[in-house]
Amino acid sequence: GENVEQHPSTLSVQEGDSAVIKCTYSDSASNYFPWYKQELGKRPQLIIDIRSNVGEKKDQRIAVTLNKTAKHFSLHITETQPEDSAVYFCAAIPGYSTLTFGKGTMLLVSP
Amino acid sequence: DSGVTQTPKHLITATGQRVTLRCSPRSGDLSVYWYQQSLDQGLQFLIQYYNGEERAKGNILERFSAQQFPDLHSELNLSSLELGDSALYFCASSIGTGTDTQYFGPGTRLTVL
């Protein structure tokens, strides 16, 4: 089955800095890569996703890049704000199976 | 609000007991997924139902079972509860299966004393 590794486990940045979270996956058949944001005690919320026929996708301050050859994908958040503080999960799915999540990255944005 | 609803929001029970968690998917979604999230753990996939049929199974214990009803709502039954079953249980739904986007419900926090 699929295995997703996520780094770092904790990331602290100053407000206005950029944050990058990286994930690697094992199954070359994976073709859908969503990112979820989870605030404390709340539901995971989809913030952006990318499919394997695209190398990069951007939505305002958030972007995701995908390198299928290297089997890794990254989340980039620019101009971070305190409300970006949360746990971020990456995930991958081969299509024939179900979502496999990384273990999460706690992002702390200090004012 | 994702459109996925879960009840109850909180559940406190004792070891050895049995509980039922309920999930209603977004209107039009045929798939329901159950996940367990323990402290310091990520999201562990338990089981998926698609249009009433079991579609995929993850790390679900034999003490746990689920079903999806004709109206597409789903129930997760947890029996012979242990302290280690204390966790947040999330339900998610999607239109179909495979790579369709999953939308999560607010979760049920289970505490086993």
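Residues numbered from 1 in each chain as written. Chains lettered and ligands numbered in written order. Predicted model: local features only at pLDDT ≥ 70, side-chain atom pairs only at ≥ 80, totals over all residues. Heavy atoms only, no water.

Draft legend 1. Representation of the sheet that holds strand β8 (residues 72–77) of chain A. Residues and elements named next belong to chain A. Across the sheet, which stays open at both edges, the five strands sit in the order β1-β3-β8-β7-β6 with antiparallel pairing between neighbours. Strand pairing shows two members of the sheet lacking a second neighbour, β1 (4–7) and β6 (56–59), which therefore form its edges. Pairwise comparison of adjacent strand axes, ignoring direction, gives a mean angle of 15° for this sheet. Where strand β3 (residues 19–25) lies against β8, six bridges are found, and the strand directions are antiparallel. Within β8, the position partnered with Val20 by the bridge is His76. (Pairing = 2+ DSSP bridges. Helix = DSSP H or I, 4+ residues; strand = E, 2+ residues; numbered from the N terminus. Axes fitted to C-alpha atoms, helices over the stretch in contact; angles between N-to-C directions.)

Draft legend 2. Region of interest: the side chain of Thr98 of chain A. Following the sequence through the fold, Thr98 of chain A ends up in the loop between β9 (86–92) and β10 (100–101). On the basis of relative accessibility, which here comes to 8%, the residue Thr98 of chain A falls in the buried class. The residues touching Thr98 of chain A, leaving out its near neighbours within four places in the chain, are Ala92 and Ile93 of chain A together with Phe45, Gln48 and Ala56 of chain B. (Buried < 20%, exposed > 50% of the residue type's maximum accessible area, 1.4 Å probe, protein only. Contact = heavy atoms within 4.5 Å.)

Draft legend 3. Region of interest: the packing of aromatic side chains. What the rule picks out here adds up to 13 aromatic pairs over all chains. Judged by centre distance (5.3 Å) and plane angle (80°), the ring pair of Tyr36 of chain A and Phe104 of chain B falls under edge-to-face. Taken together, the positions of Tyr36 of chain A in strand β4 (residues 32–38) and Phe104 of chain B in strand β10 (residues 103–104) put the pair across two chains. Of the two residues, Tyr36 of chain A and Phe104 of chain B, neither departs from the other in class, the shared state being buried. Measuring from ring centre to ring centre gives 6.5 Å for Phe89 of chain A and Phe101 of chain A, while their planes differ by 90°; the resulting arrangement is edge-to-face. Taken together, the residues Phe89 of chain A in strand β9 and Phe101 of chain A in strand β10 connect sequence positions 12 residues apart. Given the relative accessible area of 9%, Phe101 of chain A is considered buried. Members of the aromatic cluster, connected to one another through ring pairs, are Tyr36, Phe89 and Phe101 of chain A together with Tyr35, Phe45, Phe90 and Phe104 of chain B. Looking at Arg55 of chain B, its charged tip hangs above the ring of Tyr50 of chain B, at a distance of 5.5 Å from the centre. (Phe/Tyr/Trp six-rings, centres within 6.5 Å; stacked < 30°, edge-to-face > 60°. Lys NZ or Arg CZ within 6 Å of the ring centre and 35° of its normal.)

Draft legend 4. Geometry of the interface of chain B and chain A. Contact with chain B, which involves 21 residues of that partner, is made by 19 residues of chain A. Regarding the contact of chain B and chain A, the summed buried area is about 1600 Å², with carbon and sulfur atoms giving 57% of it. Considering only the surface of chain B that becomes buried against chain A, Leu43, Thr99 and Phe104 of chain B emerge as the three largest contributors, covering 33% of it. The interface formed by chain B and chain A includes one salt bridge. The salt bridge involving Arg43 of chain A is made with Asp1 of chain B; its shortest N-O contact spans 4.0 Å. Between the two partners, chain B and chain A, sit six residue pairs in polar contact (both at pLDDT 80 or more). For the side of chain B that touches chain A, the secondary-structure elements that each account for two or more residues are β4 (31–37) and β5 (44–50) of chain B. Ranked by residues supplied to the side of chain B that touches chain A, first place goes to β5 of chain B with three residues. (Buried area = accessible area lost by both parts, 1.4 Å probe. Salt bridge = Lys/Arg side-chain N within 4 Å of Asp/Glu carboxyl O. Polar contact = N/O pair within 3.5 Å; in protein donor to acceptor, adjacent residues only side chain to side chain.)

So far we have only geometry, and geometry alone does not tell us how the molecule works.
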